[in-house]
Amino acid sequence: MSATSTIVTAGDATRRRSHRRVEPIYYFFLVPTLVLFTLAITVPGIIGIFFSFTDSIGIGSWSFNGLTNYIALFGDPAILQSYLFTFGFSIATVIVVNIAAFLLAVGLTSRIRFKVGLRTIFVIPMVVSGIIIAYVFNFLFSNSIPAAGSALGIPWLGTSLLANPDLAWIAIVIVTAWQAIPGTLLIYIAGLLSVPGDVYEAADIDGASKRQQLVRITLPLVAGYVVINVILGFKGFLNAYDIIVGLTNGGPGTSTRSIAMTIIAGFNGGDYAYQMANATIFFIVAVLISLLQLSLTRGRNAL
């Protein structure tokens, strides 16, 4: 074997060993995180699933009752109402947030003055607590807007949306979207800035209008970012809690009670095992939705 081939072979072996070797700092960060995640998420989750097959009220003695809690869930109109409201609210909010954020992102990446300052202003709602936002909008919907509606002689504005069981969900969508738009906006801005300028220059030369460029160039090139925002948004809105508590507290009646609110209210009301079964079903539904979304988007909308 020649000296050159010996050096090459030794170099390949060194590279293979370096690829197989794991830096100790990797375990330094991984192990504590894994332990904390297991103790804070995995173990409580397993314990909760275990108690969903019992009649426990959260304290004291308990006994197994099999699938009783799960069978009762599917016949409980309050549970079904909370699922219908949560999914309907999530779908409506995802649509509103993504349309508004995308249009704002297009405007804030175009050639306008003060766009950096405007981006800062539009991001402010993202750093404000949801419960604070809810209380502020609660005052507006309950006092300021009805007063303005009465003064202007507009009957439908004279009463609070929050007091109407058929329209209260609209107020929740508005407030939730107001807080969620900034995060979605930042992702869309990143996507629009990644589109090469040469593409738009070629479209201008070909005589494409701004609308045609938006529909035929911008939207296809940022489709991956749309998928990300839809998935993240839908997952987040399914867990809606603080804004609903601050606006309606699940009312009027139980018309705006989300799944999270129903579960927590059950914990406080002594229905621990029953609501733990509800939480288990909700977890399974969320996992199935995640798998469905991954199967629909894998390989086609990758960034």
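Residues numbered from 1 in each chain as written. Predicted model: local features only at pLDDT ≥ 70, side-chain atom pairs only at ≥ 80, totals over all residues. Heavy atoms only, no water.

Once that is clear, we can look at the environment of Gln 275. Tracing the chain through its elements places Gln 275 in helix 13 (residues 272-297). Once the C-alpha coordinates of Gln 275 and Val 245 are considered, the two residues, 30 residues apart in sequence, prove to be 18 Å apart. Setting aside residues up to four positions removed in sequence, Gln 275 forms contacts with Ile 79, Thr 262, Ile 263, Gly 266 and Phe 267. (Helix = DSSP H or I, 4+ residues; strand = E, 2+ residues; numbered from the N terminus. Contact = heavy atoms within 4.5 Å.)

With that settled, the discussion passes to the packing of helix 4 (residues 77-108) against helix 7 (residues 168-193). Orientation of helix 4 relative to helix 7, taken along the N-to-C sense of each, is 45°, at an axis distance of 6 Å. For the element pair helix 4 / helix 7, the angle class is oblique. Crossing geometry of helix 4 relative to helix 7 is assigned as right-handed. Of the residues that constitute the contact of helix 4 with helix 7, the class distribution is 22 nonpolar, four polar and no charged. (Axes fitted to C-alpha atoms, helices over the stretch in contact; angles between N-to-C directions. Parallel < 35°, antiparallel > 145°, perpendicular 65-115°, else oblique. Left-handed = near helix turned anticlockwise from the far one by under 90°. Nonpolar A, V, L, I, M, F, W, Y, C, P; charged D, E, K, R; others polar.)

Bringing the nonpolar core into the picture now. Phe 89, Phe 141, Val 175 and Leu 247 are the most contacted members of the largest nonpolar core, which has 46 residues in total. Of all elements in the fold, only helix 3 (68-73), helix 4, helix 6 (130-152), helix 7, helix 10 (223-238), helix 11 (242-247), helix 12 (259-268) and helix 13 reach the threshold of two or more residues within this core. (Core = buried A, V, L, I, M, F, W, Y, C linked by side-chain atoms within 4.5 Å. Buried < 20%, exposed > 50% of the residue type's maximum accessible area, 1.4 Å probe, protein only.)

Summary: where empty space remains is shown by rolling a probe the size of a single water molecule over the atoms. What the largest pocket holds in volume is close to 630 Å³. In terms of lining, the largest pocket is formed by 18 residues, of which the most central are Thr 109, Ser 110, Tyr 200, Lys 210 and Gln 213. Elements that contribute at least two residues to the lining of the largest pocket include exactly helix 7, helix 8 (197-205) and helix 9 (210-221). In terms of residue count, helix 9 provides more of the lining of the largest pocket than any other element does, five residues in total. (1 Å grid on protein atoms, 1.4 Å probe; cavity = no way out; pocket = protein on both sides within 12 Å on 5 of 7 lines; lining within 4 Å. Points joined across faces, edges and corners; volume = space filled by probe spheres on them.)

Inspection of the secondary structure puts Asn 98 in helix 4. Looking at Asn 98, the relative accessible area reads 11%, which means it is buried. Only 2.8 Å separates the side chain of Asn 98 from the backbone oxygen of Val 94, close enough to count as a polar contact. Setting aside chain neighbours within four positions, we find Asn 98 in contact with Thr 184, Tyr 188, Val 226, Asn 229 and Val 230. (Polar contact = N/O pair within 3.5 Å; in protein donor to acceptor, adjacent residues only side chain to side chain.)

Structurally, Thr 256 is set in the loop between helix 11 and helix 12. A distance of 2.7 Å separates a polar atom in the side chain of Thr 256 from a polar atom in the side chain of Thr 248. Not counting residues up to four positions away in its chain, the partners in contact with Thr 256 are Phe 85, Ala 168, Trp 169, Ile 172, Ile 244, Thr 248, Gly 250, Gly 251 and Met 261.

Relative to the 40 Å expected for 28 residues at 1.5 Å per residue, helix 2 (residues 24-51) spans 39 Å between its end C-alpha atoms, a close match to the ideal helical length. The principal kink in helix 2, of about 40°, is found at Thr 38. (Expected span 1.5 Å × (residues − 1). Bend = angle between axes of the 7 residues up to and from the residue.)

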